[in-house]
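A closer look at the structure
Read off the chains here:
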Amino acid sequence: MRRWLVKAGTMVLGVSLRAKIIGLVVGLLLLLAGAAMFQAERSISPFLNQQLDTEAISTAKYIADRGPDYIYRGDLFQLYTLVRDIKNSNQNIRYIFLVDPLQNVLVDTFGNALPAGLLGVNRVNPSESDHIEVLSTEEGLIRDVAIPISGGKVGTVRIGMSEKGLVQAKAKMLSGLAVTTFAVLFVGIILAFILSRILATPYRRLIAATRVVSTGDLSYRVPAWPIKDEGSELTQAFNHMIHKMEQSAQEIEDLCTLRRGLTEKVMQVQEEERRHLARELHDETSQSLASLRLGLKYAEEAQNLEEIKMRLPEVRHVLDDAFDGIRRLVTELRPYVLDDGELGQAITHYAQEFQSRYSMEVDLTLDDVGFELTREVASSLYRIVQEVLTNVARHARATQVSIILNQHSGDISLTIEDDGVGFDVPQVLAERVGQRKYGLFGIQERVMVLGGSSQIESSPGQGTTIYVKIPGEAFKHGQNHGVISR
Ligand SMILES: Nc1ncnc2c1ncn2[C@@H]1O[C@H](COP(=O)(O)OP(=O)(O)OP(=O)(O)O)[C@@H](O)[C@H]1O
Ligand SMILES: [Mg+2]
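Treat the numbers as computed from the prediction; the structure is a model and nothing was measured.

Rules of the game
Residues numbered from 1 in each chain as written. Chains lettered and ligands numbered in written order. Predicted model: local features only at pLDDT ≥ 70, side-chain atom pairs only at ≥ 80, totals over all residues. Axes fitted to C-alpha atoms, helices over the stretch in contact; angles between N-to-C directions. Helix = DSSP H or I, 4+ residues; strand = E, 2+ residues; numbered from the N terminus. Parallel < 35°, antiparallel > 145°, perpendicular 65-115°, else oblique. Left-handed = near helix turned anticlockwise from the far one by under 90°. Contact = placed C-beta atoms within 7 Å. Nonpolar A, V, L, I, M, F, W, Y, C, P; charged D, E, K, R; others polar. Pairing = 2+ DSSP bridges. Near = placed C-beta within 6 Å.

The next thing to look at is the packing of helix α4 (residues 164-214) against helix α5 (residues 230-301). Interhelical geometry of α4 versus α5 gives an angle of 15° and a closest axis separation of 10 Å. Taken together, α4 and α5 sit at an angle that is classed as roughly parallel. Of the two elements, α4 crosses α5, and the hand of that crossing is left-handed. Between α4, through Pro202, Leu206, Ala209 and Val213, and α5, the contact on the second element is made entirely by Gly231, Leu234, Thr235, Phe238 and Ile242. Of the residues belonging to the contact of α4 with α5, the class tally is 7 nonpolar, 2 polar and no charged.

In structure tokens, the structure reads:
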């Protein structure tokens, strides 16, 4: 039963918004008209009956007052004339007749005889002022009123009031009400149609917009809805949502472009490093080995020990040069201090070189971080310092740089500040995709990989500060990444 009700309810409510509104208006108007008709019928009938009774009683009393004169004089013709005139002057009066105390008819308006049984259906006691009986006849209901003449001593006046007129009046009133109802219903349907069209417009637009958006076009916007109602709120909320989606899609696309660019750059740098390594090996190490082979060949061909001894310092010199060359190459590839676990030392070394190369003062505050840093963390922090200092050299036109490395509640913080020209951070970050600038993005990526956070604070003319924070978890559980013991 419940399931059936739910199913029926779902079916009824499953129609379009327009059908719902029109259905509601029609239903309510019909209900209202039905209730009005019912109420009118209920309240007007007793009122009209009472009116009819009052009219009958006052007419009968009038006849009862005038009647005795004619009766005592025996002038029944005049009495007849009186009742006939009274009947003819009132459409509601169906009949009038007078009877004497012995129930003999004195006068009547029937012309022929009284209908059978009519005489006995209504009697008034001498103690009553009147008595009313409702008679059901072929002509409809008749209200029969009996009034005693001179307390019943002279006889009784009987008047029959037909309800026909009353029924006609009621029918006229109800049909008028029905016509009005249909007129209002017609206007109501037109208004409901217009209203439903207006109300459904934002929903129709949203449905159309959803279809467009689902094809991937996030630039589409629903036209603003001028009426300040839920429709305009919904339109605004939808447009805001699409705007956010568009922004996110753009951010994701930018991120992908940046990552692609960064990967390309890393591969280029790798390629360049390999070429540089090959050139260095060829130009320096191969040359040194060739000289060494030549020196050994001379020694081999030497005639005596003296000659061999003479050649040896030259060979050793060549060997020393080769060692220096290889060590330089290795240091360039990866600062040896990093492998020895001293991040602070590696930064100091790099900062000193930077200071002498760019004649810029570098302040170092490198706390003993007190942790065993993983190679990954140490090398990331070192590369971040490198990138930031390279940026300072290339863009900042600074006179002073400060590097602070310290430890706060288990996390490592790196802060690098310069007093240079600064830059508009949001603008630079927004433009870097198109301009293929990957340094700051690379820093953010390195920090993100370690689960840390970074922040750039700068504005034109105000210098630049880069904050990096690496959580303790990144290096405390990092034994399997190769811990650098200090
Ligand atoms: N310390 C700084 N002072 C002033 N401007 C800076 C500083 N650091 C970065 N910028 C500005 O931010 C931009 C972006 O820096 P980012 O390191 O991402 O790219 P880049 O250095 O231009 O190129 P790349 O690092 O890819 O070789 C720079 O072009 C520069 O305009
Ligand atoms: Mg850079």
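Structure's up, so let's keep going.
Here strand β1 (residues 93-99) runs beside strand β2 (residues 105-108); their pairing, made up of 3 bridges, is antiparallel. By the bridge assignment for β2, Leu98 is matched with Val107.

The environment of ligand 1 is made up of 17 residues, and the closest members are Asn391, Ala396, Lys437, Gly439 and Leu440. Put simply, the parts of the chain that give the shell around ligand 1 at least two residues each are α9 (375-396), α10 (425-435) and α11 (439-449). Counting residues per element, the shell around ligand 1 draws most heavily on α9, at 5 residues. A breakdown of the residues in the shell around ligand 1 according to their chemical character gives 7 nonpolar, 6 polar and 4 charged.

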